[in-house]
Amino acid sequence: MASKTSALDGIKITYTEGFNYDECDSDSLSTGTEGQDTVWSVESVTVVDADGDELNAHELAYYLDSDFSSIHYSVLEIEQIIDVNEDSDMETFTLDIDNAPNVRFTGELVANTASSDNQAIGSSYNGQTGRWTELSLYKTKGGKFICHQVVRTRRQDERDPFSGKVCETLEAVKEFFGHRWLSKELYAKASIDDVVEVE
């Protein structure tokens, strides 16, 4: 319940209404007087009509300015939640990076591609048996790009090196990945132009 009391020279007029809201949803706030036994109350004064009949508080309300019943709920703090679209690909990633802190962010995978260590695969064969490269490009919820590269190996005496970079622009993305054939394949999947325009 919420109420507003206006007082002058010992006379008090009080308006009361109910309010309701769903937890963590400020847009669901609803107010009203339906079902209430007492909406208006008047203290220390009696008001009569032209015939001398006493007006009850509800009848008196018809003669009152709307300011008497304007309750402001701006001071009511309703916690907010972020409504995430269930169809969104946003999720939290943690990427390993050698010789630097790992990177954790909320975002989505824009594109990824990989070469192959299998000569029979065809155009994705990188010419190295037992090694291949994986490239991934992410975009964060805040609009930044995350570049990530892993060089995989099947050789027992080697480990997978990880590298990555947080980029503000697509130009910085292309500086990280370069212009080799695997990078161009990544750009094509991500709909990124990797061209130089010549007049």
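The structure this text deals with has already been given above.
This report concerns the structure included in the present document.

Conventions used here
- Residues numbered from 1 in each chain as written.
- Predicted model: local features only at pLDDT ≥ 70, side-chain atom pairs only at ≥ 80, totals over all residues.
- Heavy atoms only, no water.
- Helix = DSSP H or I, 4+ residues; strand = E, 2+ residues; numbered from the N terminus.
- Buried < 20%, exposed > 50% of the residue type's maximum accessible area, 1.4 Å probe, protein only.
- Contact = heavy atoms within 4.5 Å.
- Areas by Shrake-Rupley, 256 points an atom, 1.4 Å probe, with all protein chains shown as cover.
- Salt bridge = Lys/Arg side-chain N within 4 Å of Asp/Glu carboxyl O.
- Pairing = 2+ DSSP bridges.
- Axes fitted to C-alpha atoms, helices over the stretch in contact; angles between N-to-C directions.

Before going further, it helps to spend a moment on the overall build of the protein. Counting its regular elements, the protein contains three helices and nine strands. Ordered by position from N to C terminus, the α and β elements of the protein give β-β-β-β-α-β-β-β-β-β-α-α. Looking at the 199 residues of the protein, the share that counts as buried comes to 31%. Relative to all contacts within the protein whose residues are 6 or more apart in sequence, the contacts with residues 24 or more apart total 43%. By element, 45% of the accessible surface of the protein is carried by carbon and sulfur atoms, the whole surface being about 13900 Å².

If you check the backbone angles, Asn-99 has positive phi at about 60° while not being a glycine. Along the chain, the position of Asn-99 falls in the loop between strand E5 (91–95) and strand E6 (103–114). Look at Ser-191: it is not a glycine, yet its phi comes out positive at around 60°. Tracing the chain through its elements places Ser-191 in the segment after helix H3 (181–189). On the accessibility criterion, Ser-191 (68% relative accessible area) is exposed.

Applying the stated criterion across every chain yields a total of seven salt bridges. Residues Asp-160 and Arg-152 are paired through a salt bridge, measuring 3.0 Å at the closest nitrogen-oxygen approach. The class for Asp-160 is buried, based on a relative accessible area of 19%. Here Lys-174 ties to Glu-171 by a salt bridge, and the two come within 3.3 Å at their closest N and O atoms.

With that settled, the discussion passes to the pairing of E6. Where E5 meets E6, five bridges bridge the pair, whose relative direction is antiparallel. By the bridge assignment for E6, Thr-94 is matched with Arg-104. Relative to strand E7 (residues 131–140), E6 is paired through seven bridges, and the arrangement is antiparallel. Directly across from Leu-109, in E7, lies its bridge partner Tyr-138.

So, on to the sheet that holds E6. Here five strands make up an open sheet; going across it, the order is E5-E6-E7-E8-E9 and the pairing antiparallel. Edge positions in the open sheet fall to E5 and strand E9 (162–167), since each of these has one partner strand only. Averaged over neighbouring strand pairs, the angle between their axes works out to 40° when direction is ignored. As defined by bridge partners, strand E8 (residues 145–153) adjoins E9 across six bridges and the pair is classed as antiparallel. In the sheet register, Val-150 faces E9, and the bridge partner there is Phe-162. Those strands touched by helix H2 (residues 170–177) are E7, E8 and E9, and its axis lies near 15° from that of E8.

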